[in-house]
Every structure is written in C-alpha cells, then in structure tokens.
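Here are the chains, one letter per residue:
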Amino acid sequence: MSSNSSAGQQGPAARQAAMAELVLADGTATAAELAERFGVSLMTIHRDLDELERQGIVRKFRGGVTAQPSGVFESNVQYRLKTMRAQKAAVAEHALRMVEPGMAILLDDSTSTLEIARRLRTAEVTPLTVVTNFLEAINLLSDQRGIHLMALGGDYDPLHSSFLGVSCVEAVEQLRVDVCFASTSAVHGGYAYHQEQHIVSVKRAMLDAAARNVLLIDHTKLGRVALHRVVPLARFDTLLVDDGASPEALRDLDEHKVRYEVCATKGGHGERNGTGAT
C-alpha cells in the first residue's frame with residue numbers, strides 16, 4: 001500500500017470510515033500497512049482498530065485485522081454483502097421458483113435470502129406476504145405494490161442490520177408461514193451451525209413457524225463448523241447450494257440423507273439434485 005499524507009490529516013471518524021471500507025473490500029490488513037496507507041502512527045492505528053472492533057466491523061488478530069468470519073465471529077453485514085454474489089444469486093433464482101402468489105414467506109437476516117428479496121421487486125408472484133427481521137430486506141420491499149410486508153421487531157443489531165432478541169422470537173412464534181428461507185454460517189456432518197447464540201434462537205423460531213423450510217448456502221459454507229449447532233439438516237425440506245460445491249462436500253450431504261439441489265451459476269455446470277441416498 002502506498003502512503004497517503006492527506007489521509008493522515010483526516011479526523012478520527014473519517015479515517016476510521018475509510019479504514020473500514022478498505023478492510024471490508026480486501027478482507028484483511030496489517031496494522032503496519034494501514035499506518036503507511038493513512039500516514040499515522042501505529043498507536044493511532046491500533047486505537048482506530050479498537051473502535052472498529054467495538055463496532056463489530058472487524059476482528060483484531062496479532063499484527064492486523066480481518067473482516068472474514070471464523071468459527072466464533074460472524075462477518076459484518078457490509079462484508080457479507082460483497083462476498084459470493086454470483087453464487088448467492090444462483091441459489092436465490094432457484095429458490096424463487098418455490099414462491100407462488102398468495103403465499104406467506106419468511107426471510108431471515110442473511111445476505112443469501114436478501115437476494116430473494118431483490119428478485120421479488122420484479123418477479124410476478126404477487127399477492128405475497130413477506131415476513132422478515134432484516135432491515136436491508138425491509139428497505140428493499142417497503143415500496144412494492146402487491147407485497148404485504150411484515151417487519152419483525154426486536155433489538156436492532158447493527159452488525160447484522162437486523163432485529164433480534166426475545167421480542168423478535170416472541171413475534172415469530174405468533175405466526176405461521178408457508179415457507180421459511182434461511183441461511184447459516186456453516187454446514188457439516190448433518191448439522192447447520194452459526195457463531196452467535198442470539199442469532200440461533202431467532203433462526204430456530206423461524207423454522208418452527210413454517211410449513212416448509214429451505215436452506216440457502218454458498219459452497220464455501222460446506223464442510224465448516226461454527227460455535228453453535230442451529231438444527232439438524234433434516235429440519236430443512238431442501239438445501240440449495242451453488243455448483244461450486246465439491247464432490248466430497250456433496251457426498252457428506254448424501255451420507256446424512258440430506259435432500260439438496262445444486263444451482264447453476266452463470267457459466268456453471270448445470271443443476272443437479274441429491275436425494276440423500278446412500
């Protein structure tokens with residue numbers, strides 16, 4: 001990274017915003033690189049990074065920071081919005097085929113299901129009731145004619161741009177929808193996983209509120225685990241994954257008798273189904 005003397009003259013808030021944008025775009029950065037880039041001392045950089053970590057934007061490690069997820073750390077929503085976009089689009093296109101006029105559907109606060117919300121703006125599947133706790137989806141659908149939008153309340157969490165907590169769970173428990181579309185951070189050994197307990201409780205309530213459950217994931221989530229088990233994959237009627245999934249990962253799904261569909265990305269290998277046969 002080249003030095004930038006004007007960056008060093010920015011106030012802390014402006015510098016931290018620029019730093020966050022850089023790390024979210026690149027995924028990781030070292031403190032030394034950031035100090036050179038912004039023309040400030042390492043001590044100043046570490047103070048800035050402490051503040052960005054407090055806001056949930058980055059996670060510090062020895063010598064630098066990352067916006068990438070780990071088994072105990074969920075990425076900031078702004079980072080997740082930038083990753084695996086083609087794969088999420090392919091899975092969402094496939095999921096949209098399951099939506100019919102007159103349905104009530106539930107979207108969780110994942111960037112995978114946000115791609116469904118994007119497509120509902122132009123899809124001819126109205127009238128439709130959409131229930132969600134995801135502020136990004138609420139903003140996308142709030143002006144759409146033919147869509148009855150139900151926003152789930154709760155405690156606003158800026159890391160996820162969604163409403164969570166006990167009041168959100170209680171609101172979900174009062175509903176019954178046709179389909180819940182959800183995603184999760186990791187899938188392995190017949191289970192879905194997520195890093196954060198307060199996210200897990202909302203996802204479980206959503207799955208209980210639906211007649212049918214569909215899990216949307218990109219292939220990078222297969223073969224990974226996170227701190228908390230969400231539910232067995234048997235709780236989902238269908239798992240949708242993009243065609244970047246490896247044969248080994250799909251064999252793991254087969255061995256656990258998971259019903260899945262492989263969704264073609266543009267220029268991909270076509271769609272495949274798995275019935276969980278051993």
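What you see is a predicted model; the values in this text were computed from it and never measured. (Residues numbered from 1 in each chain as written. Predicted model: local features only at pLDDT ≥ 70, side-chain atom pairs only at ≥ 80, totals over all residues. Heavy atoms only, no water.)

### As for the packing of helix H6 (residues 85-96) against helix H7 (residues 111-120)
- Where H6 contacts H7, the axes come no closer than 8 Å and their chain directions differ by 60 degrees. Accordingly, the angle class assigned to the pair H6 and H7 is oblique. The two elements H6 and H7 meet at a crossing, and its hand is right-handed. Packed against H6, whose contacting residues are Lys88, Ala89, Ala92, Glu93, Ala95 and Leu96, the element H7 presents Thr111, Ser112, Glu115, Ile116, Arg119 and Leu120 at the interface.
- Its residues assigned to classes, the contact of H6 with H7 comprises 6 nonpolar, 2 polar and 4 charged. (Axes fitted to C-alpha atoms, helices over the stretch in contact; angles between N-to-C directions. Helix = DSSP H or I, 4+ residues; strand = E, 2+ residues; numbered from the N terminus. Parallel < 35°, antiparallel > 145°, perpendicular 65-115°, else oblique. Left-handed = near helix turned anticlockwise from the far one by under 90°. Contact = heavy atoms within 4.5 Å. Nonpolar A, V, L, I, M, F, W, Y, C, P; charged D, E, K, R; others polar.)

### Things to note about the sheet that holds strand E3 (residues 64-66)
- Strand order in the open sheet formed by 3 strands is E1-E3-E2, and the pairing between neighbours is antiparallel. Each edge of the open sheet is held by one strand with a lone partner, namely strand E1 (28-30) and strand E2 (59-61). In this sheet, neighbouring strand axes are inclined to one another by 20 degrees on average, regardless of whether the strands run parallel or antiparallel.
- In this structure, E1 lies alongside E3, joined through 3 bridges in antiparallel fashion. (Pairing = 2+ DSSP bridges.)

### What about the pattern of salt bridges?
- Counted according to the given criterion, the structure contains 9 salt bridges.
- Put simply, Asp143 and Arg121 hold a salt bridge, and the shortest N to O gap is 3.4 Å. Remark: Arg121 occurs in the loop between H7 and strand E5 (128-132) and Asp143 occurs in the loop between helix H8 (135-141) and strand E6 (147-151); sequence separation between them is 22 residues.
- With a closest N to O distance of 3.7 Å, Glu248 and Arg251 form a salt bridge. Highlighted residues: Glu248 and Arg251, both in helix H11 (residues 247-255), separated by 3 residues, approximately one helical turn.
- Residues joined by salt bridges that share partners form a network here, namely Glu93, Glu115, Arg118 and Arg119. (Salt bridge = Lys/Arg side-chain N within 4 Å of Asp/Glu carboxyl O.)

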